[in-house]
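Remarks on the overall topology
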There are 4 protein chains.
Amino acid sequence: MAAENRPLSFSSDYMEGAHPAILEALVETNLLRSPGYGLDPYSDSAKEKIRLAADAADAEVFFLVGGTQTNALVIKSLLRSYEGVIAPETGHISVHEAGAIEMGGHKVLAVPHKLGKIAAEDIKKVLTAFRLDGNRDHMVKPGMVYISQPTEYGTLYSLEELTAISNLCREADIPLYVDGARMAYGLASPSNDVTLPDLARLADAFYIGGTKCGALFGEALVMRGRAKVPGFFSIIKQNGALLAKGRLLGLQFDTLFTDGLYFDVGRSAIAHAQKLQSALQDAGFRLFFESPTNQIFVILENRTLDALSEEVEMGFWETYDANHTVMRFATSWATTEEDIARLIALLPRFAPKKQL
Amino acid sequence: MAAENRPLSFSSDYMEGAHPAILEALVETNLLRSPGYGLDPYSDSAKEKIRLAADAADAEVFFLVGGTQTNALVIKSLLRSYEGVIAPETGHISVHEAGAIEMGGHKVLAVPHKLGKIAAEDIKKVLTAFRLDGNRDHMVKPGMVYISQPTEYGTLYSLEELTAISNLCREADIPLYVDGARMAYGLASPSNDVTLPDLARLADAFYIGGTKCGALFGEALVMRGRAKVPGFFSIIKQNGALLAKGRLLGLQFDTLFTDGLYFDVGRSAIAHAQKLQSALQDAGFRLFFESPTNQIFVILENRTLDALSEEVEMGFWETYDANHTVMRFATSWATTEEDIARLIALLPRFAPKKQL
Amino acid sequence: MAAENRPLSFSSDYMEGAHPAILEALVETNLLRSPGYGLDPYSDSAKEKIRLAADAADAEVFFLVGGTQTNALVIKSLLRSYEGVIAPETGHISVHEAGAIEMGGHKVLAVPHKLGKIAAEDIKKVLTAFRLDGNRDHMVKPGMVYISQPTEYGTLYSLEELTAISNLCREADIPLYVDGARMAYGLASPSNDVTLPDLARLADAFYIGGTKCGALFGEALVMRGRAKVPGFFSIIKQNGALLAKGRLLGLQFDTLFTDGLYFDVGRSAIAHAQKLQSALQDAGFRLFFESPTNQIFVILENRTLDALSEEVEMGFWETYDANHTVMRFATSWATTEEDIARLIALLPRFAPKKQL
Amino acid sequence: MAAENRPLSFSSDYMEGAHPAILEALVETNLLRSPGYGLDPYSDSAKEKIRLAADAADAEVFFLVGGTQTNALVIKSLLRSYEGVIAPETGHISVHEAGAIEMGGHKVLAVPHKLGKIAAEDIKKVLTAFRLDGNRDHMVKPGMVYISQPTEYGTLYSLEELTAISNLCREADIPLYVDGARMAYGLASPSNDVTLPDLARLADAFYIGGTKCGALFGEALVMRGRAKVPGFFSIIKQNGALLAKGRLLGLQFDTLFTDGLYFDVGRSAIAHAQKLQSALQDAGFRLFFESPTNQIFVILENRTLDALSEEVEMGFWETYDANHTVMRFATSWATTEEDIARLIALLPRFAPKKQL
């Protein structure tokens, strides 16, 4: 189907396959033989490139298939049985993993959020309350902190905010883990001031998302210092998370971290998203909030929503009030100039009437 | 690299990528958008084709990424907490899943094998011993049976043997689960008399392996009757086994079950394997046993092994005695006429001296 | 030590050993031999008496050692892996079991409380929100409801409130489980209108607390209908919760349910508690709330607290404000007339000045 | 019932309640108040006495309710997720804990036994095979060794045997854990040369059994060095294994370790058992093997078995052949001179005819 005729869709950032460069690499190497389980030269090369990009020569890098899998493995590997993980109440592990963390044996200690983010002081409250409780030995001990960058709302922790959280974790002697499912879109945001080396310095573990950022599938988990887990290869295997043809993951990340493709993927999506966000504002639409990354949230009157839905697929975010709904437009590596132009051209027809 | 110059390798059947038809399908559909998590039309179509091929209209079909993952999910979903799974002592779940079944909470009740197979009467012994034991409420209850077809040794259960095991399971009111990681190679074997519909009729659950049979990755799990598990989608998600772009799995199996590709893949590998096995025998090599499928086992003198290893990659199987080693040649969908011809041409040079 | 000289203590209701009748029964039967694991005549007799007292001839009764153990076993036996348990945010399983429920694999879905109680409508909100969520298959499914009677605050659900919750659970087809660690004190409260037969009729499972109600240790778990779990004996064993000398539990509950001892134990503690509560009010102390059971909560100025603590042990409950603290007095089967008289005699000295 | 008229029973060593001294201590202290959860002076005193008796000033001591509970907690606390525990195939954890170890996530790596014992060289084989296996990262790693002293057969490891196993564990850097459910009977055996200090020196963790050795219930777990687990109190709580009135355990072990009661309990049972064993031999009965502890095993013709069962309760051990059965006589702290005399008096009537 010619791309220009396909239905307009901004419903999510994992609707298509892979960035063409990745697909090409898969095709080219298809008949080469390589050892299984990630012990292949593509995986080695990709790990080295990621260590370089994160300025973390000592880091251990593992490639996994998906985000929930990665979160579950990291959290159960880093916690003692009676410890829980502090997370935003909107965090992916808090709501959308069907209880993966609890199945691993651990409580999610949910903290109130602001647009997906939690503050160092709110984390501190949990840590202090636990420390001072006379019954603390009968309670779940806060044993690590989970956040995402960008968050589920597409918002970003600033370097200052992340540093505050990191310092707090180090004082409390607990690891900080960052879920980077959409990291490419965070790194490419004009308002972002947290680089990969910052992240590697401030977090004990984090993952660089592939699935939503140009890969067919896959996430690159980076672990440092206290977050290096003995026997993690066997843990991956034991959890059914070891890909037989590990080369498939290595090759994808090797491609993403060659000539800055991962950053290009992010920049392209962000440019499209920001253009769309401006156009929405110019057309008089009300934003839910001003988003720095690839997810744009707009408050639509329900009648407008119905009409606009005929022309373009969006994602439902949440009910705003009886007459309004928050909808999400997500761009990705696969969004084209043309997609955006077509969408922007539609907007005036659906824009709220200007109040004179 | 031109295929004809590449090093000869028969070390395993998952060294390459995917069958070209699968790769082509992935490339063609790369920019099409589809809903995530397997709710796409390719997955629907593939499920329907599998139900048809297995003559199991009522079956539930799920696509998963790998074999250990599939085994672990099925077993923990079908057993009560205090039940264990009967399996050959050489079964994949018994030895090579790093404790995945135990992590799911269950004991593997290992039964002695003959070339990877277990007999109905040996299973019966376990069931009877449990039933008669005065302390059985303090013991792990045998709650299901796990076998593989073909087995890890490449051997096959005959229809009669499988029927006996199935009948026993039904009398005992426990499910029978068949691991089909290499099923294409079993189905295509000239000595095989167990069809997919037989399997669907005799087993309660089984999976049709993709990873080793032409797919990039993926297994198709089929569940019937008592083995249908409420909420299995959520179980997949909770275990980190839900692929975001589920389409990738659906598309691969849709391709494999179009125009009999899955069976072609098997037939080609089997033809190559049987040709090799005959050539080995003709050249005077001693087989470990006569294999009906795509894994050929030969007993090599250790000096021969060293010399032959310079020319071709094989897989180590087991030590035979102080001077001999059992080595495995595995063919696959990716094995070519040329590979086999080159290998056969080598044999006379390494063949044991005929005893006159 | 003569009882009259011992320090005054109301810090909790499990500081002493067992009701003398229980100890006597243990001494008398000490050298009798009986089969282990609860298969003894005392256990049978106790089960029968409990079925009778609860008017639940079909119920299964199990004796366990402690409350956390009982909660954990019931919850993990009744839930599917991806289900969670709705509970008050102050419930014992929510805060004081060190993550036992999560270790069993399940999320506690905490609901806001009023003095330890949750309302049917708040439970309904959770059920409805889940049912309507488009992503519900990615979320933890609410699979049962946990409440306690009396609650951790010593408050009681009325028959009307309990019926509303029970109806809701039946509509939603999920079990209702009631933690009755202090049930004797609830049953004996003048404001209670929920009998044991009511509880057995409205809940699917509940336990009758022994540890805090006159036994040395032990809880009697009652399960009906959908809450009867096949192989629960083996589940108890597997969880290390099977007492070798099960007779010890059977005998204690047989004694408690002979001649109404369990109810006497409750009545005595309640009479003492209510007398104390009246005396506190008469003396001008401010109650945190008016308690219907054996735990009396008073708001003390911190200076008063310090002074009073020299004379009597109380339990810390929570900080009220910068200058005040909520303290708890707990009575039990072991509280004597004399204890109460001595405490009441102390009160005037510490009472707040009347505001004229 | 007067003891002299009670039916003769040697079916097990946990049929009665507690040694009178323990019951007396419980009665005496019944109304004393003490803090819960083992934070009481009796527990402190008992721990100190056990450290002294084991010459292990640095040891941590915990009191638990039962053996399966203790085994499960120790094993899951000491192993990484992908590790298993080496144990005799007849070990309690291998067969009679209903899968408690697997529920904790771990494989029991069963090793062939001789009368319940395993040899250092057999353990070594498992360790070596794992170390040399090219797929070891896909396999369960042997992570600790479990044995029992005395074993389930009542046999004893000699100091030399235990030292060999301990050395092996230290070389392999894995902990050795000893299940001492019947330890009193081992320590008191004339053929025993392993003292409590030896055990504390050679094992990393072990427990001193109370339930079968004079207590109402309870086991004393001793952990040293690498086997000290951070947060073990919370682990106990999380597993539902924390007794509210921990004093009950402390008091019992305090009594058992005062004036050598624990050793007296053992000596008395052993004296009775050895007397019985000699009498059996003298009367011409065939022993299954010569037992050093409190369990005596005799091979009975099935007709003799039926007849003798009318007079005395024994425990079924195993089928010997079509016409013979191995039966067990167990003595305990509760066995009296009179019991033994009555049993011995019976023997001639049932003894096999001497072959002339």
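Basis of the calculations
- Residues numbered from 1 in each chain as written.
- Chains lettered and ligands numbered in written order.
- Predicted model: local features only at pLDDT ≥ 70, side-chain atom pairs only at ≥ 80, totals over all residues.
- Heavy atoms only, no water.
- Pairing = 2+ DSSP bridges.
- Helix = DSSP H or I, 4+ residues; strand = E, 2+ residues; numbered from the N terminus.
- Contact = heavy atoms within 4.5 Å.
- Axes fitted to C-alpha atoms, helices over the stretch in contact; angles between N-to-C directions.
- Parallel < 35°, antiparallel > 145°, perpendicular 65-115°, else oblique.
- Left-handed = near helix turned anticlockwise from the far one by under 90°.
- Nonpolar A, V, L, I, M, F, W, Y, C, P; charged D, E, K, R; others polar.
- Buried < 20%, exposed > 50% of the residue type's maximum accessible area, 1.4 Å probe, protein only.
- Least-squares fit on C-alpha atoms with pLDDT ≥ 70 in both.
- Buried area = accessible area lost by both parts, 1.4 Å probe.
- Salt bridge = Lys/Arg side-chain N within 4 Å of Asp/Glu carboxyl O.
- Polar contact = N/O pair within 3.5 Å; in protein donor to acceptor, adjacent residues only side chain to side chain.
- Arc of directions from axis to C-beta.
- pLDDT = per-residue confidence, 0-100.
- Phe/Tyr/Trp six-rings, centres within 6.5 Å; stacked < 30°, edge-to-face > 60°.
- Lys NZ or Arg CZ within 6 Å of the ring centre and 35° of its normal.

Digging into the sheet that holds strand β12 (residues 315–321) of chain D
In a beta sheet, neighbouring strands pair by backbone hydrogen bonds and run either parallel or antiparallel. Residues and elements named next belong to chain D. Taken together, four strands build an open sheet; the order of strands is β9-β10-β13-β12 and the sheet is antiparallel. Across the chains shown, the open sheet's two edge strands, defined by having one partner strand only, are β9 (286–287) and β12. Packed onto the sheet, helix α12 (residues 261–282) meets β9, β10 (295–301) and β13 (324–330) and runs at close to 25° relative to β10.

With respect to the packing of helix α1 (residues 20–28) of chain A against helix α11 (residues 247–256) of chain A
Residues and elements named next belong to chain A. Axis separation between α1 and α11 bottoms out at 9 Å; the angle between their running directions is 135°. Put simply, α1 runs oblique to α11. Every pair of crossing elements has a handedness; the one defined by α1 and α11 is right-handed. Touching A21, I22, A25 and L26 of α1 are L248, L251, Q252, T255 and L256, all from α11. When the residues that make up the contact of α1 with α11 are grouped by side-chain class, the tally is seven nonpolar, two polar and no charged.

Things to note about the pairing of strand β7 (residues 205–209) of chain C
All names here are of chain C. Most of β7 sits inside the fold, with five of its five residues counted as buried. Covered by surrounding structure in β7 are A205, Y207 and G209 together with F206 and I208, the residues of both alternating faces. Where strand β6 (residues 176–180) lies against β7, four bridges are found, and the strand directions are parallel. Its bridge partner lying in β7, G180 is registered against I208. Here five bridges tie β7 to strand β8 (residues 219–223), and the two strands are oriented antiparallel to one another. If you follow G209 over to β8, its bridge partner there is E219.

A word on the relation of the copies chain A and chain D
The pair of chain copies shares a relation made of a rotation about an axis and a shift along it. Structural alignment of chain A on chain D gives an RMSD of 0.1 Å, achieved by rotating through 180° and translating 0.1 Å along the axis. In short, the pair behaves as if placed about a two-fold rotation axis.

Comments concerning the relation of the copies chain B and chain A
Superposing chain B onto chain A takes a rotation of 180° plus a shift of 0.0 Å along the axis, which leaves an RMSD of 0.1 Å. Looking at chain B, 100% of its interface residues are interface residues in chain A too, so the copies touch through the same face.

Examining the interface of chain A and chain D
Taken residue by residue, the interface counts 15 residues in chain A and 15 residues in chain D. Carbon and sulfur atoms make up 55% of the surface buried where chain A meets chain D, a total of about 1,400 Å² over both sides. If you look at where chain A meets chain D, you find zero salt bridges. If you look at where chain A meets chain D, you find six residue pairs in polar contact (both at pLDDT 80 or more).

Digging into helix α1 (residues 20–28) of chain B
Within the span of α1(B), buried status applies to I22(B), L23(B), A25(B) and L26(B). All buried residues of α1(B) project into a common sector of 160° when viewed along the axis, lining one side. Set apart from the buried face of α1(B) by more than 90 degrees, the exposed residues are E24(B) and E28(B). Of the surrounding secondary structure, the elements contacted by the buried residues of α1(B) are α1 of chain A together with α11 (247–256) of chain B.

Overview of the environment of T68(D)
Within the secondary structure, T68(D) sits in helix α3 (residues 67–78). On the basis of relative accessibility, which here comes to 8%, the residue T68(D) falls in the buried class. Distance in space between the C-alpha atoms of T68(D) and H96(D) is 8.7 Å, their sequence separation being 28 residues. Beyond its immediate sequence surroundings of up to four residues, T68(D) is in contact with K237(C), G240(C), H92(D), E97(D) and A100(D).

Side note on the interface of chain B and chain A
At the junction of the two partners, chain B supplies 47 residues and chain A supplies 48 residues. Here chain B packs against chain A, burying approximately 4,100 Å² in sum over the two surfaces, 58% of which is carbon and sulfur. When the area that chain B buries against chain A is broken down by residue, the three leading residues are R33(B), Q238(B) and K245(B), summing to 20%. For R33(A), the salt bridge is made with D339(B), and the minimal N-O distance between the two is 3.4 Å. In this assembly, chain B and chain A are joined by 30 residue pairs in polar contact (both at pLDDT 80 or more). Mapped by element, the contributors of at least two residues to the side of chain B that touches chain A are β1 (8–9), α1, α3 (67–78), α5 (100–103), α10 (232–238) and α11 of chain B.

Brief notes about the confidence of the model for chain A
Taken over all residues, the pLDDT of chain A has a mean of 96, while the share at 70 or more is 98%. Here the prediction assigns the complex a pTM of 0.96, and the interface score ipTM is 0.96.

Digging into the environment of E48(D)
Residue and element names in this part refer to chain D. Mapped onto the secondary structure, E48 falls in helix α2 (residues 41–53). Taking the relative accessible area as the measure of exposure, E48 reaches 44% and is therefore partly exposed. Considering only alpha carbons, one finds E48 and D173, 125 residues apart in sequence, at a separation of 28 Å.

So, unusual backbone geometry
That bond from Q149(C) to P150(C) is cis: its omega, -10°, falls within 30 degrees of zero. Looking at where P150(C) falls in the secondary structure, it is placed in the loop between β5 (141–148) and α7 (159–172). Located in the positive-phi region is Y37(D), a residue other than glycine, with phi close to 65°. Relative to the elements of secondary structure, Y37(D) occurs in the loop between α1 (20–28) and α2. Judged by its relative accessible area of 19%, Y37(D) falls in the buried class. Positive phi outside glycine occurs at D173(D), with the angle close to 60°. Along the chain, D173(D) turns up in the loop between α7 (159–172) and β6 (176–180).

Considering the sheet that holds strand β4 (residues 108–111) of chain A
Residue and element names in this part refer to chain A. The strand order across the open sheet built from seven strands is β2-β8-β7-β6-β5-β3-β4, with neighbouring strands paired in mixed fashion. Both edges of this open sheet fall to β2 (60–64) and β4, since each of them pairs with a single strand only. Put simply, the sheet's adjacent strands are angled 25° from each other on average, direction ignored.

Digging into the packing of aromatic side chains
For the structure on display, the rule yields 62 aromatic pairs over all chains. A ring pair is formed by F288(B) and Y320(B), whose centres lie 6.4 Å apart and whose planes are at 90°; its orientation type is edge-to-face. Of this pair, F288(B) sits in the loop between β9 (286–287) and β10 (295–301) while Y320(B) sits in strand β12 (residues 315–321); the two residues are 32 residues apart in sequence, bridging distant segments of the chain. Exposure remark for F288(B): the relative accessible area of 23% places this residue in the partly exposed category. Three or more aromatic residues joined by ring pairs form one cluster here, namely Y153(A), F288(A), F289(A), F297(A), W317(A) and Y320(A). Over the ring of F62(B) we find K47(B); its NZ or CZ atom is 5.7 Å from the centre of that ring.

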